[in-house]
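# Structural overview for review
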Amino acid sequence: MNVSIIGSGYVGTTIAACLADLGHDVINVEIDEGIVETINAGEAPIHESGLAERIAEHAGTTLRATTDYAAVRDTDVTLLCLPTPQSEDGSLDLAIMQAGAESLGRALADKDGDHLVVVKSTVLPGTTEDVVGPILEDESGKRIGEDLSLAMNPEFLRMGTAVEDFLEPDKVVVGATNESAASTLRELYAPILDRDDTDLVETDIREAELIKYANNAFLASKVSLVNELGNIAKEYGADAYEVLEAVGLDGRISERFMRSGLGWGGSCFPKDVDALRAGAREQGYDPALLDAVVAVNDAQPRRLVDLLETHVSLEGARIAVLGLSFKPGTDDIRKSRALDVLEHLEARGAHPVAYDPVAIENVRESRPDLEVEYAESAAEALEEADGAVVATGWPEFDDLAFDGMARRIVVDGRRISVDEADLEVYEGLTW
Ligand SMILES: NC(=O)C1=CN([C@@H]2O[C@H](COP(=O)(O)OP(=O)(O)OC[C@H]3O[C@@H](n4cnc5c(N)ncnc54)[C@H](O)[C@@H]3O)[C@@H](O)[C@H]2O)C=CC1
Ligand SMILES: O=C(O)[C@H]1O[C@H](OP(=O)(O)OP(=O)(O)OC[C@H]2O[C@@H](n3ccc(=O)[nH]c3=O)[C@H](O)[C@@H]2O)[C@H](O)[C@@H](O)[C@@H]1O
């Protein structure tokens, strides 16, 4: 099938390379010329395991990139993978989606024959049909239900495991208003749907849009609940990891997403939970539980620094901060809880020395306001430190030697593997 993908970021690039791998002819339409050149040169513009080799294999043949929207006219289906950021007040900002839909609609005006447009970006219910659809109709002169079809197909991949998640998903959700759109998507994903472990959910567009938010809200809530239970466990002197491992054996609950500690960050959970809360309020519903989910999450970094302060007087103290990215396996620092830890340490007069295997440059560039010293290794960050906090659970922090510290005091927000006998103090945030 001939497929065009609008937006070549984490989702668009991953999907393009994977669909080319599945045998489709794919073109990425992207406004950033640097990304376009990188893909056409056979290289990956982002770091994701399994991506570079797929781009290298297909670039120039079944995978191409362009800045020119006219390319969509040679394709049967277009997947919109544009960013859907949040506004200052937390609500969903659709400006980029609207601009992309306008360019796409204008390009489709000169296309003979039918075209299917699929929204893959995370958008609130009503966006596909009430915002994207009308723009496409106005700009293209085509009519939905006649020579234009619209579908919504949310994406559930995680950063760090994007290729594997896309090719081996638990489910594919297709929201479509007509059978021909649904059948085109079934054909597009045929090799994925042939897997025994992938469920196909066919539904209407609004449900598809909300399934994505409900999914992220559920996972973020699960981690906040696990953190609240962990905070309570800590008060009782109990180990939350042992408690929740047992709880997870209940098939209704599941063992996954049970890691308590510093909380959730990243480019998705925070923005999507906020957008859903703002959207719910706009609809007249007060999302009390989701408000609490965010409040619990926001309190964890302060709790970690409070815990450290019970062992170290922070004014003037040199504190090693291990990990800056929002989770291991990525250099993404958006809404990383580690940044909140740095802010709390700074506010209390400490001198943070941070180390991360891949994310330091991103923090340096995007947060010049932070007064942090950066180290080139964990050992260098720990040198002469009066205490250390673990903010991201990178595997390389497991079984680390805490040699060289002025005082071997370690407060862990991610449950790394530690030989406590080597330390003066080892405290987990929730155990
Ligand atoms: N990052 C993730 O792990 C996941 C993201 N999502 C959702 O997918 C959507 C896309 O997210 P990401 O790929 O992370 O975004 P991103 O920010 O990594 O990439 C978006 C790309 O679109 C390009 N772009 C912006 N305006 C454009 C335009 N008018 N025409 C063509 N290209 C344009 C940007 O230059 C950028 O390269 C969002 O709605 C997000 O919530 C869903 C599942 C996973
Ligand atoms: O909508 C999105 O973009 C994506 O958001 C998340 O994916 P991602 O943000 O890449 O990362 P996760 O692995 O879900 O982790 C999110 C945050 O939760 C934290 N977390 C996760 C699991 C856990 O047990 N404990 C915990 O604190 C992680 O450290 C991280 O900060 C979802 O898992 C994806 O399904 C979804 O597609």
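Above this text is the structure in question.
To keep things clear, this report deals only with the structure shown in the data block. Here the residue numbers are simple positions, counted from 1 along each chain's written sequence. Here chains are named by letter from A upward and ligands by number from 1 upward, in the order in which they appear as written. Since the coordinates come from a predicted model, pLDDT governs what is reported: local features require at least 70, and pairs of side-chain atoms require 80 or more to be given and counted, while whole-chain, interface and lining totals use all residues. By convention in this description, side-chain values take in all heavy atoms of the structure and omit both hydrogens and water.

Let us now look at helix H13 (residues 337–347). Because each turn of an α-helix spans 3.6 residues, side chains separated by three or four positions in sequence point in the same direction. Looking at H13, one finds that the buried residues are Arg 337, Ala 338, Leu 339, Val 341, Leu 342 and Leu 345. Against the buried residues of H13 lie helix H12 (288–309), strand S9 (318–322), strand S10 (351–355), helix H14 (360–366) and strand S12 (387–390). Between buried and exposed lies partly exposed: a residue is buried under 20% and exposed over 50% of the maximum accessible area for its type, with that area taken using a 1.4 Å probe on protein chains only. In this text, helices come from DSSP runs of H or I with a minimum length of four residues, and strands from runs of E with a minimum of two, each type numbered from the N-terminal end. Here, two residues are considered to be in contact whenever any of their heavy atoms come within 4.5 Å of each other.

Bringing the sheet that holds strand S6 (residues 148–152) into the picture now. Spatially, S3-S2-S1-S4-S5-S6-S7-S8 is the arrangement adopted by the eight strands of the open sheet, whose pairing is mixed. Strand pairing shows two members of the sheet lacking a second neighbour, strand S3 (63–66) and strand S8 (199–203), which therefore form its edges. Pairs of neighbouring strands in the sheet enclose a mean axial angle of 25°, with direction left out of account. Strand pairing follows a simple DSSP-based rule, namely that at least 2 bridges must link the two strands. Strand direction decides the pairing type here: strand S7 (residues 171–176) and S8, joined by five bridges, are parallel. Bridge pairing in S8 links Lys 171 to Asp 199. Angular values range over 0 to 180 degrees, each being the angle between N-to-C directions of two axes fitted as lines to C-alpha atoms, with helices fitted over their stretch in contact.

Next up on the list: the site of ligand 1. Throughout, the term near means that a residue has one or more heavy atoms lying within 4 Å of the molecule or strand in question. Taken together, 24 residues lie around ligand 1, and Val 11, Glu 30, Tyr 69, Thr 84 and Lys 271 are the ones closest in. Distance and chemistry together define a polar contact, namely a pair of N or O atoms within 3.5 Å, with one atom able to donate a hydrogen and the other to accept it when in protein, and with adjacent residues in sequence counting only for side-chain atoms on both sides. One nitrogen or oxygen atom from the main chain of Val 11 is found 2.9 Å from an oxygen atom belonging to ligand 1. A distance of 3.5 Å separates a nitrogen atom of ligand 1 from a polar atom in the backbone of Ile 31. Under the convention used here, a 1.4 Å probe and the Shrake-Rupley method define accessible areas, while residue burial counts only the protein chains that appear. Relative to its unbound accessible area of 840 Å², ligand 1 is 87% covered by the protein chains. Residues are sorted three ways: Asp, Glu, Lys and Arg are charged, Ala, Val, Leu, Ile, Met, Phe, Trp, Tyr, Cys and Pro are nonpolar, and all the rest, Gly among them, are polar. For the shell around ligand 1, the class distribution of residues is 14 nonpolar, six polar and four charged.

Counting buried residues along strand S2 (residues 25–29), four of its five residues qualify, which places the element largely inside the surrounding structure. With five bridges connecting them, strand S1 (residues 2–6) and S2 associate as parallel partners. The residue bridging Val 3 from the neighbouring strand is Val 26, located in S2. In this sheet, S3 lies alongside S2 in parallel orientation, the contact comprising four bridges. Each bridged residue has a counterpart across the sheet, and for Val 29 the counterpart in S3 is Thr 66.

Fair warning: the whole summary comes from geometry, so function is off the table for now.
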